Structure formats: C-alpha cells, structure tokens
Amino acid sequence: MAILKIARLGHPILSRRAAPVDDPTAPAIARLVADMAETMADAGGVGLAAPQVHVGLRVVLFFVPPNRAAAPQVAQGAPGGPVPLTCLINPRIEPIGDATRDDWEACLSVPGLTGMVPRFTRIRYRGLTPAGGLVDREAEGFHARVVQHECDHLDGMLYVRRMGDLATLGFVEEIQRTRAQQRADIEEAG
Ligand code: NI
C-alpha cells in the first residue's frame, strides 16, 4: 500500500471526466482502492475520488462516521446510521424527490477551505465493488451529501462550482472561530 499525492484545485485532472472501469475486479483496481483508503485515512478525509489521486477512473471511496450520521446510535449500515468504508466503481446517482439542503463541505483537493453547498437531501445510488458485488442503497443527509460530492469528482466538478453563495467560502479556521463566537454571543444573550 502507498500514500498517494492528492491533486489540488487548479490541477487539470480535477476538471476532467473520468473513464469507466472495464473490470472492477482487476488486481490493479484492488491496489488503487487500497492506496486510496490509506491516502484518505492519512489525510483525515471521509471521502476520496480517484481523480484526486491523479487517476482518471470512476472509483470513489467514502464512509460516514458516527458523529456525522443522522442517527449515530443505530447500528452501522441501518437507515440513518454510520456507514462503513464503501468503494463504488462506475457509480450512478438518482435523486429521490427535488428537496435540496445547504450545508458545509470541504475537500482534500481544496485544503483549508469550506463553503455552503446545496445537495439533494435524498438519493439512491448504485455502484460495483472491487469484489464484484453491487452496492444499491438509499441515503439521506450527510450520507447522501458525501456520495454526491465524491461522484461529482468523476465528472470534473468541485464543490466550489456547486456553491449557491460564494460569500460563504472561507478558511475552516476562520469560520469555526466565527461560529464559536456567535454561539458564545447567543449563550450570553440567554
Ligand atoms: Ni472532494
């Protein structure tokens, strides 16, 4: 396994459409997925797409940690619960309904920054696994958001281009400081 170099905003690989994987069970794909998992863990991310490590193939990885799950107390894999590390090859997404929601996103390819991005609240997604299986799930909330964010990378789309209001773009450190101050002000105001 190896930690791979992560491409940053401005690198052309991030704005290209990635190619479908012909054989998801090929050993080279298993190696890529293992290296992506190691790279994502090293960088402290919750998702990574192959173009972010300079590989123009339709492969994404993600998980939903308990603190981002809609229902952290339910079992891993249950609706709204944490989602284990999942690899999707040649994934497809269909929105369920038209509802969208704005929330903060960040990206390992746009280090240090965060911004508010509208995403479909509920989706169904499907993809193949390196073991030759099929993933077919419905997702909502953060789970739906991370899948949409990662799959966007396969079409050369970064979250900053999805933002409704670029005024919300900022450095994570500054925004966290501002929000902490706002919370303190609210508490002081009773
Ligand atoms: Ni990203």
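Throughout, a residue's number is its position along its own chain's written sequence, starting from 1. Selection of residues for local features in this predicted model requires a pLDDT of at least 70, selection of side-chain atom pairs for listing and counting requires 80 or more, and totals for whole chains, interfaces and linings are taken over all residues. Calculated side-chain values reflect all of the structure's heavy atoms, with hydrogen atoms and water omitted.

**Some words on the overall build of the protein chain**
Each helix and strand in the protein chain was counted, giving 4 helices and 8 strands. Helical segments are the DSSP runs of H or I of at least four residues, strand segments are the runs of E of at least two, and each set is numbered from the N terminus. The order of α-helices and β-strands along the protein chain, N terminus first, is α-β-β-β-β-β-β-β-α-α-β-α. For 190 residues, the compact-globule estimate of 2.2 N^0.38 gives 16 Å, and the C-alpha radius of gyration of the protein chain, at 17 Å, lies within 12% of that figure. Over its C-alpha atoms, taken along the principal directions, the protein chain stretches across nearly 60 × 35 × 30 Å. Looking at the protein chain as a whole, 39% of its 190 residues are labelled buried. At a minimum sequence separation of 6, the contacts of the protein chain that also span at least 24 residues come to 65%. Radius of gyration: over C-alpha atoms. The globule rule applied is 2.2 Å multiplied by the number of residues raised to the 0.38 power. Three labels apply to residues, based on accessible area from a 1.4 Å probe with only protein chains included: buried if under 20% of the type maximum, exposed if over 50%, partly exposed otherwise in between. In what follows, residue pairs with any heavy atoms lying within 4.5 Å of each other are defined as contacts.

**Section: the nonpolar core**
Membership of the largest hydrophobic core comes to 18 residues, with the highest contact counts inside it found for F62, V64, L88, I123, Y125, V146 and V147. At the level of secondary structure, the elements contributing two or more residues to this core comprise β2 (59–64), β3 (83–95), β6 (122–128), β7 (134–140) and α2 (141–154). Among the elements that line this core, the one with the most residues is α2, at 6 residues. Beyond its immediate stretch of four places on either side in the chain, Y125 contacts F62, L88, R92, I93, V135, D136, R137, A139, H143 and V147. Only buried residues count toward a nonpolar core, which is a set of Ala, Val, Leu, Ile, Met, Phe, Trp, Tyr and Cys residues joined through side-chain atoms within 4.5 Å. Membership of the second largest hydrophobic core comes to 14 residues, among which are V21, V33, L48 and V59.

**A short note on the pattern of salt bridges**
Note on definitions: salt bridges are taken to be side-chain nitrogens of Lys or Arg within 4 Å of carboxyl oxygens of Asp or Glu. Counted by the stated rule, this structure contains 11 salt bridges. Put simply, R119 and E105 hold a salt bridge, and the shortest N to O gap is 2.8 Å. Within this pair, whereas R119 is found in strand β5 (residues 113–120), its partner E105 is found in strand β4 (residues 100–105), the two being separated by 14 residues in sequence. When its relative accessible area of 5% is taken as the criterion, E105 is described as buried.

**Here we look at the coordination of the nickel ion**
Taken together, the protein ligands of the nickel ion are C107 (SG), H149 (NE2) and H153 (NE2), with distances of 2.1 to 2.2 Å. Metal donors were taken as nitrogen, oxygen and sulfur atoms no farther than 2.8 Å from the ion, or 3.2 Å where the ion is Na, K or Ca. Water is excluded, so coordination may look unfinished. Positions of the donor residues of the nickel ion, expressed as sequence spacing, correspond to C-x41-H-x3-H. With C107 in the loop between β4 and β5 and H149 in helix α2, this pair connects stretches of sequence that are 42 residues apart. Assigned by exposure class, C107 and H149 land together as buried.

**Considering the sheet that holds strand β8 (residues 170–171)**
Spatially, the 3 strands line up as an open sheet ordered β4-β5-β8, and their pairing is antiparallel. A single partner strand is all that each edge strand has here, and the edge strands are β4 and β8. Two strands make a pair as long as DSSP finds a minimum of two bridges between them. Sheet topology note: the β4/β5 ladder contains 6 bridges and is antiparallel. By the bridge assignment, D102 is partnered in β5 with P118. Interaxial angles span 0 to 180 degrees and are taken between N-to-C directions of axes, which are lines fitted to C-alpha atoms, for helices over the stretch in contact. The sheet strands contacting α2 are β4 and β5, and the helix crosses β5 at an angle near 105°.

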